[in-house]
Amino acid sequence: MPALRARTERAELGRLLEHADPRAPLAIRRGADGIVGRGEALRLEFRGPSRLTDAADAWREVARDAQVDDEVGVPGTGLIAFGAFAFDDASAATSVLIVPRLVVGRRGDDEWVTWIGDGGRLHPTAIDEVRVELHDGAIGAKRYRAIVAAATERIRAGDAEKVVVARDRVGQLPPEGDIRSVVVGLGRRYPDAVTYAVDGVVGASPETLIAAHRGHFFSRVLAGTAARGATPSLDAEIAESLASGDKDVREHRFAADSAIEVLRELAPDTRASEPFPLRLPNLWHLATDITGTLGGSSTLDVLALLHPTAAVAGTPRAAALAIIRELERVDRGRYAGPVGWVDADGGGEWVIALRGAEIDDDGCIRAFAGAGVVAGSDPHDELTETAVKLRPITDALADPLP
Ligand SMILES: C=C(O[C@H]1C=CC=C(C(=O)O)[C@@H]1O)C(=O)O
């Protein structure tokens, strides 16, 4: 493999997404900040149980051999790869690391362009609106309620303590449909979430698996959900009962404890907040923030240990995964897998591919949303919860540029 050359220079940019390919946008954004890529200088593909460790090893080699000239030096500059990974070890979906030919980025007052390989000129193009309606996929409402009931039964039988089961909705992107408009629509509605678009995986995730720069990391675990209240007082009551409700607190503990345990193995100084209610435009989540210092590990090494967390699989992990496969009988693809970017030092930002959809090369769209099932979960409530979680992508597809 020939060594890559990356050169980052300061630039003045307009709308970042106008620099992306309409059919294959690469983007990781939060509010006005983020990075957007175009083209493929290098594409690495992985499959199977070792996909994340293989990616970590392959990326170390690419980064070691690369020639990087970076005059800006903030997170997202220099050599970077975007990545999206399958949820399940047995998935038919390809996991990827993509080094674009061009990256444009913004962080606060810093704006930059990175050329990988030969330099060139910027060609921003206007973003067209695309409108798509979603309908039931392989798991409709009735089947989903049955899956939740079966998962609860398995928990009662002692096969697992928590299982996160999901359902899907599908649609069709028109042949020339501009995927960037969906990304804009997600970002406008969910400015505090991380809006992602990598290899057809598109969404707005509130859950940061790992963000690290110069060794310092941040991770946010979410589990436990309630819809927002219609009035401020009702909304406050809902947040309070979420934080004190037995079912949601138990569901959250499984996810937070498993992440803290893994992170402590890599970073003995790992610290965690108390669980707190996190407000999103469409719902409340229980959240735990975790920070610490990674030794020599890259964010891809961390993903290899963290994924899949109990927020998307369950507890114990292996038992929950077996029950998910048996009950859902659908390949989740890259839904609930890690999506994000990594730099030459192994730093980067990875979220869980939630609140989104996969769009394949033929324009077939499949959106997923899941809910954590514990003892006492109610099928009707979990169905409603998944409908709320499907709203970001449903709305962004139906009316991308409100
Ligand atoms: C599995 C999903 O959400 C997870 C993340 C936060 C809260 C969750 C919950 O309360 O069930 C889920 O564990 C999804 O959005 O598809």
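Residues numbered from 1 in each chain as written. Predicted model: local features only at pLDDT ≥ 70, side-chain atom pairs only at ≥ 80, totals over all residues.

Engineer: Where do I start with the site of the ligand in this structure?
Structural biologist: As a matter of local geometry, the ligand sits amid 17 residues, with Leu-222, Thr-225, Leu-354, Gly-370 and Gly-372 nearest to it. For the shell around the ligand, the secondary-structure elements that each account for two or more residues are strand S11 (162-172), strand S15 (216-227) and strand S23 (364-374). Classifying every residue of the shell around the ligand by side-chain character gives nine nonpolar, five polar and three charged. (Near = placed C-beta within 6 Å. Helix = DSSP H or I, 4+ residues; strand = E, 2+ residues; numbered from the N terminus. Nonpolar A, V, L, I, M, F, W, Y, C, P; charged D, E, K, R; others polar.)

Engineer: Honestly, helix H6 (residues 299-306) in this entry has me stumped. Any pointers?
Structural biologist: Along an α-helix, residues three or four apart share an orientation, since each turn contains 3.6 residues. Most of H6 is tucked away, with seven of its eight residues classed as buried. Buried within H6 we find Thr-299, Leu-300, Asp-301, Val-302, Leu-303, Ala-304 and Leu-306. (Buried ≥ 20, exposed ≤ 12 C-beta atoms within 10 Å, placed from the backbone.)

Engineer: I would appreciate a short explanation of the UniProt feature "domain: Chorismate-utilising enzyme C-terminal" (unreviewed entry) in the chain in the present structure.
Structural biologist: Following the UniProt record, the feature "domain: Chorismate-utilising enzyme C-terminal" (unreviewed entry) maps to residues 142-389 here. The span residues 142-389 is 37% helical and 34% strand by assignment, and the distance between its end C-alpha atoms comes to 18 Å. (UniProt positions renumbered as here; feature names shortened; annotations may be inferred.)

Engineer: Would you mind going over the packing of helix H2 (residues 141-156) against helix H7 (residues 317-328) with me for this structure?
Structural biologist: Between two packed helices, the angle of one axis relative to the other and the distance separating the axes together describe the packing. Interhelical geometry of H2 versus H7 gives an angle of 145° and a closest axis separation of 10 Å. Crossing hand, H2 versus H7: right-handed. In this structure, H2 contributes Ile-147, Ala-150, Ala-151 and Arg-154 to the contact, and H7 contributes Ile-323, Leu-327 and Glu-328. (Axes fitted to C-alpha atoms, helices over the stretch in contact; angles between N-to-C directions. Left-handed = near helix turned anticlockwise from the far one by under 90°. Contact = placed C-beta atoms within 7 Å.)

Engineer: What is the right way to read the environment of Arg-5 from this model?
Structural biologist: With respect to the helices and strands, the residue Arg-5 is situated in strand S1 (residues 5-10). When the C-alpha positions of Arg-5 and Gln-67 are compared, they lie 4.7 Å apart, and in sequence the two are 62 residues distant. The residues touching Arg-5, leaving out its near neighbours within four places in the chain, are Gln-67 and Gly-117.

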